Amino acid sequence: MALISMNNINKDYTLGKTTIHAIKGVSFEIDRGEFLSVVGPSGCGKTTLLNIIGCIDKPTEGTVLFEGTDIATLSDNMESELRLKKIGFIFQSFNLIPVLNIFENIELPLIVGKVPKSERKKRVAYLVKAVGLEEFAAHKPDELSGGQRQRVAIARALVNKPDLVIADEPTANLDSVTGNTVLELMEKLNREEKVTFIFSTHNPEVMKYAHRIIHLKDGTISEVKSNGGRP
Amino acid sequence: MTFLKIAFLNMIKHPKRSFLVIFVVMVSVVAMIFIGGMFEGMRTRFYETLLQESGHLQVHNVAYKNRKEPESLQHTLEDPQQFTGYLTSQVEIMHAEAIIHFGTKILYKGKNLFILGQGVHPDTAYYGKVRSGIVEGGFLSSNEDILISSRIAELLGCSPGEYLHLAVDRSYGSPYYQDYRVKGIFKTDSREFDDYNIFITHADAQETLYLPDQTIKIRANISDPALTEEFKKKHQSWFSAHHAEIETWKDIHGSFVVLIELFDFFMLFMNIFILVVAATVITNTILMSVFERIGEFGTLRSIGLKKHHIFSMILSEGVCQGIAGGILGLAFGIPLLLWVSQTGIDMGEAADAMKMGSTFPFAFSFSNTLAAFLFGIGVSVAGSVYAGFVNIRLKLIDTLRAS
């Protein structure tokens with residue numbers, strides 16, 4: 001069974017009297033362990049698609065099955081539970097909690113998930129090391145560089161051992177060297193932790209990292225490419 | 001604990017907004033404590049003054065109300081002891097005593113003053129402010145003693161131990177005068193009272209006015225003032241049978257009781273006004289603070305926090321700010337009230353006209369203070385609840401777009 005199955009997804013936005021069709025009849029599946037990229041120019045519907053997959057937004061039409069469960073049937077609390085336990089998010093602008101230090105930022109989803117303290121400490125310590133930020137664990141986000149912050153966001157996304165990590169333009173606010181480091185880290189974690197990654201980008205350099213690439217154009221899938229070779 | 005920590009750290013991270021909420025809560029609590037103290041003081045003083053002047057119950061001749069002159073000696077009570085004896089035999093009555101009011105003229109070394117005389121027992125339970133306000137000499141102890149106020153003593157130029165003449169019209173109409181030795185000089189907080197009252201013993205008043213075994217009024221204090229109406233109804237027939245009428249303090253001071261009710265209404269209005277102003281400012285400030293962090297709340301929801309977690313965080317901030325503001329309000333409000341209640345605020349004739357003395361009194365009340373503290377927290381919590389509801393009603397996608 002596919003991890004995610006999207007069937008004929010449509011998403012419309014109403015702006016005044018105008019209806020904008022952001023996603024038009026999109027269908028595809030994501031298997032476990034994939035490192036998948038959604039690419040396309042700005043405004044093609046990448047973020048909207050990722051938001052629908054991540055239960056952040058709801059489609060106007062169509063069904064999204066997460067491990068065979070139609071997410072439209074989930075209550076608000078069940079959606080939160082799904083996001084907490086099964087999905088990790090990495091945002092373009094990092095979205096860390098400014099008043100918490102790095103350790104606490106990564107630990108937060110575990111606290112919400114009521115994971116015992118000793119287990120929390122072990123898991124966070126492992127991830128802090130995995131993303132190479134041991135020295136910065138007690139620092140606040142605003143004391144870190146963009147690349148370091150994104151690594152914190154990756155650690156936070158992975159802390160609950162999710163089945164799926166959604167990254168919306170994870171390298172957009174980073175320089176190319178830092179961006180590559182972040183992608184290499186994501187790929188490493190995909191390989192080692194067996195976590196499914198789906199990320200969006202409009203940067204051809206970034207899309208090279210993906211195993212499979214879904215091209216979006218004007219809200220529809222224009223091409224799906226398998227990218228066997230890694231950079 | 002983590003949510004409380006985030007709430008607390010957010011308060012520190014946004015010091016101006018936090019300070020504004022805490023400051024508004026503090027000012028509201030101080031204002032409520034101050035206004036509450038003022039009304040508590042006024043009410044206490046008001047009842048003290050009223051009861052000092054009238055007692056809870058008064059008994060007088062059934063025709064007393066029809067007298068043509070305020071200090072008429074025409075309608076007296078015969079055999080006052082039968083009334084005081086009857087009253088004190090009732091379990092509800094704590095004290096009863098006879099009092100004579102009369103119009104008089106004081107004469108001293110060519111100066112004279114028209115004044116109101118009070119004939120009271122040397123151990124009277126009333127006029128406590130006169131007894132405690134003795135500044136020279138002592139209280140009435142024997143016949144031919146007279147108490148005068150310091151203002152009258154100043155006007156006449158007399159001192160304790162000196163004699164002055166009291167000229168009266170006796171009960172049968174003839175003029176009469178009697179010499180009295182100034183036993184003491186008093187000063188109360190009411191200039192009006194001091195200007196128009198002198199005191200002699202009840203026995204002297206009976207003799208000077210020629211009221212043998214008679215009095216003008218009987219005053220009585222009841223253990224529970226709420227029972228005065230019931231007591232009146234129960235015993236009215238006995239007094240009617242003895243050509244007497246019984247009145248409660250509400251009958252005597254009806255207009256002032258209405259005034260007290262007006263005070264209560266005004267206090268309620270003031271508190272509602274403070275509530276509305278404080279709630280508006282606090283809610284607005286908390287809303288601004290919450291909307292500034294709307295993206296942050298969106299992030300928290302996207303990583304799995306439920307709506308009630310977000311609501312709890314916003315509420316925690318409100319509670320923290322409310323408690324901080326409330327404690328500061330107590331820290332400033334209580335000393336301020338205690339300081340003002342030492343001396344009161346001099347309001348001159350205006351307050352005196354309301355029978356409260358010329359000084360506006362203040363009194364500390366634990367219940368008022370507690371209410372003000374809870375009010376401060378309540379307003380802050382209410383503002384947070386509103387901001388929390390507004391926030392969690394937003395769609396997750398919209399909150400994330402804000403970031």
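Here is a short report on the structure shown in this document. Fair warning: this is a prediction, and the values are worked out from it, not measured in the lab.

Let us now look at the pairing of strand 3 (residues 93–108) of chain B. All names here are of chain B. Of the pairings in the sheet, the one linking strand 3 to strand 11 (residues 217–222) comprises 6 bridges and is antiparallel in character. Residue I99 lies in a different strand from strand 11, and its bridge partner there is K217. Counting the residues between successive antiparallel strands, the hairpin from strand 3 to strand 4 (residues 111–120) contains 2 residues, one of them, K109, with a positive phi of roughly 45°. Summarising the sheet, strand 3 and strand 7 (residues 163–169) pair through 3 bridges and their orientation is antiparallel. Pairing of L107 across the sheet is with H165, part of strand 7.

Burial analysis of helix 7 (residues 202–209) of chain B places 6 of its 8 residues in the buried class, which makes it a mostly covered element. Among all positions in helix 7 of chain B, only H202(B), D204(B), A205(B), Q206(B), T208(B) and L209(B) are buried.

All names here are of chain A. Strands sit in the order 6-7-8-3-9-10 across an open sheet of 6 strands; the sheet is mixed. Two strands lie at the open edges of the sheet, namely strand 6 (87–90) and strand 10 (220–226), each paired on one side alone. Within this sheet the neighbouring strands show an average axis-to-axis angle of 20°, counted without direction. Here strand 9 (residues 212–217) runs beside strand 10; their pairing, made up of 6 bridges, is antiparallel. Looking at the pairing, I214 lines up with V224 of strand 10.

Here the focus is the interface of chain B and chain A. Accessible area lost upon the coming together of the parts serves often as the stated size of an interface. Of the residues lining the interface, 22 residues belong to chain B; the matching set on chain A comes to 25 residues. Of the roughly 2100 Å² buried between chain B and chain A, counting both surfaces, carbon and sulfur atoms make up 64%. On inspection of chain B and its partner chain A, the count reaches 2 salt bridges. The residue E81(A) makes a salt bridge to K306(B) at a minimum N-O spacing of 2.5 Å. Taken together, chain B and chain A are joined by 4 residue pairs in polar contact (both at pLDDT 80 or more). Breaking the side of chain B that touches chain A down by element, the ones donating at least two residues are helix 1 (2–13), helix 11 (294–302), helix 12 (307–343) and helix 15 (396–402) of chain B.

Residues and elements named next belong to chain A. Taken N-terminus to C-terminus, the directions of helix 5 (residues 146–158) and helix 6 (residues 176–193) make an angle of 15°; their axes are 10 Å apart at the nearest point. Judged on the interaxial angle alone, helix 6 and helix 5 are roughly parallel. For the pair helix 5 and helix 6, the crossing hand works out as right-handed. Across from G147, Q150, R151, I154 and L158 in helix 5, the residues of helix 6 making contact are T178, V182, L185, M186 and L189.

Another point: the environment of L65(A). Residues and elements named next belong to chain A. Relative to the assigned elements, L65 resides in strand 4 (residues 61–66). Take L65: its relative accessible area is 25%, and that puts it in the partly exposed class. Through-space distance from the C-alpha of L65 to that of N7 is 8.4 Å; in sequence the pair is 58 residues apart. If we skip the residues at most four places from it in the chain, L65 touches L3, I4, S5, N7 and D70.

Residues and elements named next belong to chain A. Every second residue of strand 6 is oriented toward a common face, with I87 and F89 on one face and G88 and I90 on the other, all of them buried. In the sheet, strand 6 pairs with strand 7 (residues 164–168) via 4 bridges, with the strands oriented parallel. Bridge pairing in strand 7 links F89 to I166.

This part is about the layout of surface pockets. Roughly 630 Å³ of volume is contained in the second largest pocket. As for the second largest pocket, its lining consists of 27 residues, and the residues nearest its centre are T47(A), T48(A), N51(A), Q92(A) and D168(A). The set of elements that each furnish at least two residues to the lining of the second largest pocket consists of helix 1 (46–53), strand 6 and strand 7 of chain A together with helix 15 of chain B. For the lining of the second largest pocket, the element with the most residues is helix 1 of chain A, which contributes 5 residues. Residue classes in the lining of the second largest pocket are distributed as 12 nonpolar, 11 polar and 4 charged.

The next thing to look at is the sheet that holds strand 1 (residues 4–15) of chain A. Sheet strands line up and pair through hydrogen bonds in the backbone, either parallel or antiparallel. Residue and element names in this part refer to chain A. On the basis of which strands lie adjacent, the open sheet formed by 4 strands has the order 2-1-4-5 and antiparallel pairing. Two strands bound the open sheet, and with one partner strand each, they are strand 2 (18–30) and strand 5 (69–70). Judged from the 5 bridges that link them, strand 1 and strand 4 form a sheet pairing that is antiparallel. By the bridge assignment, M6 is partnered in strand 4 with V64.

Here we take up the environment of N95(A). By the secondary structure assignment, N95(A) is in the loop between strand 6 and helix 3 (102–112). Taking relative accessible area as the criterion, N95(A) reaches 8% and is therefore assigned buried. A distance of 3.0 Å separates a polar atom in the side chain of N95(A) from a polar atom in the side chain of T299(B).

Next up on the list: empty space enclosed by the protein. One pass over the full model with this rule turns up 2 cavities of 30 Å³ or more. In this structure, the largest cavity spans a volume of roughly 70 Å³. Lining the largest cavity we find R83(A), L84(A), I87(A), G88(A), F89(A), P109(A), R156(A), A157(A), V159(A), N160(A), P162(A) and I303(B). Of all the secondary-structure elements, those providing two or more residues to the lining of the largest cavity are helix 2 (76–85), strand 6 and helix 5 of chain A. At 3 residues, the largest contribution of residues to the lining of the largest cavity is made by strand 6 of chain A. Class assignment of the residues belonging to the lining of the largest cavity gives a composition of 8 nonpolar, 2 polar and 2 charged.

Moving on, we get to the pattern of salt bridges. Residues and elements named next belong to chain A. Scanning all chains against the criterion turns up 25 salt bridges over all chains. The salt bridge involving K208 is made with E205; its shortest N-O contact spans 2.9 Å. Through salt bridges with shared partners, a single network forms among R32, E67, K86 and D163.

What follows deals with unusual backbone geometry. All names here are of chain A. Backbone geometry at F94 places phi at a positive 70°, although glycine is not the residue there. Turning to its location among the elements, F94 is positioned in the loop between strand 6 and helix 3. For F94, a relative accessible area of 9% translates into the label buried.

Each value, and the rule that gives it
Residues numbered from 1 in each chain as written. Chains lettered and ligands numbered in written order. Predicted model: local features only at pLDDT ≥ 70, side-chain atom pairs only at ≥ 80, totals over all residues. Heavy atoms only, no water. Pairing = 2+ DSSP bridges. Helix = DSSP H or I, 4+ residues; strand = E, 2+ residues; numbered from the N terminus. Buried < 20%, exposed > 50% of the residue type's maximum accessible area, 1.4 Å probe, protein only. Axes fitted to C-alpha atoms, helices over the stretch in contact; angles between N-to-C directions. Contact = heavy atoms within 4.5 Å. Buried area = accessible area lost by both parts, 1.4 Å probe. Salt bridge = Lys/Arg side-chain N within 4 Å of Asp/Glu carboxyl O. Polar contact = N/O pair within 3.5 Å; in protein donor to acceptor, adjacent residues only side chain to side chain. Parallel < 35°, antiparallel > 145°, perpendicular 65-115°, else oblique. Left-handed = near helix turned anticlockwise from the far one by under 90°. 1 Å grid on protein atoms, 1.4 Å probe; cavity = no way out; pocket = protein on both sides within 12 Å on 5 of 7 lines; lining within 4 Å. Points joined across faces, edges and corners; volume = space filled by probe spheres on them. Nonpolar A, V, L, I, M, F, W, Y, C, P; charged D, E, K, R; others polar.

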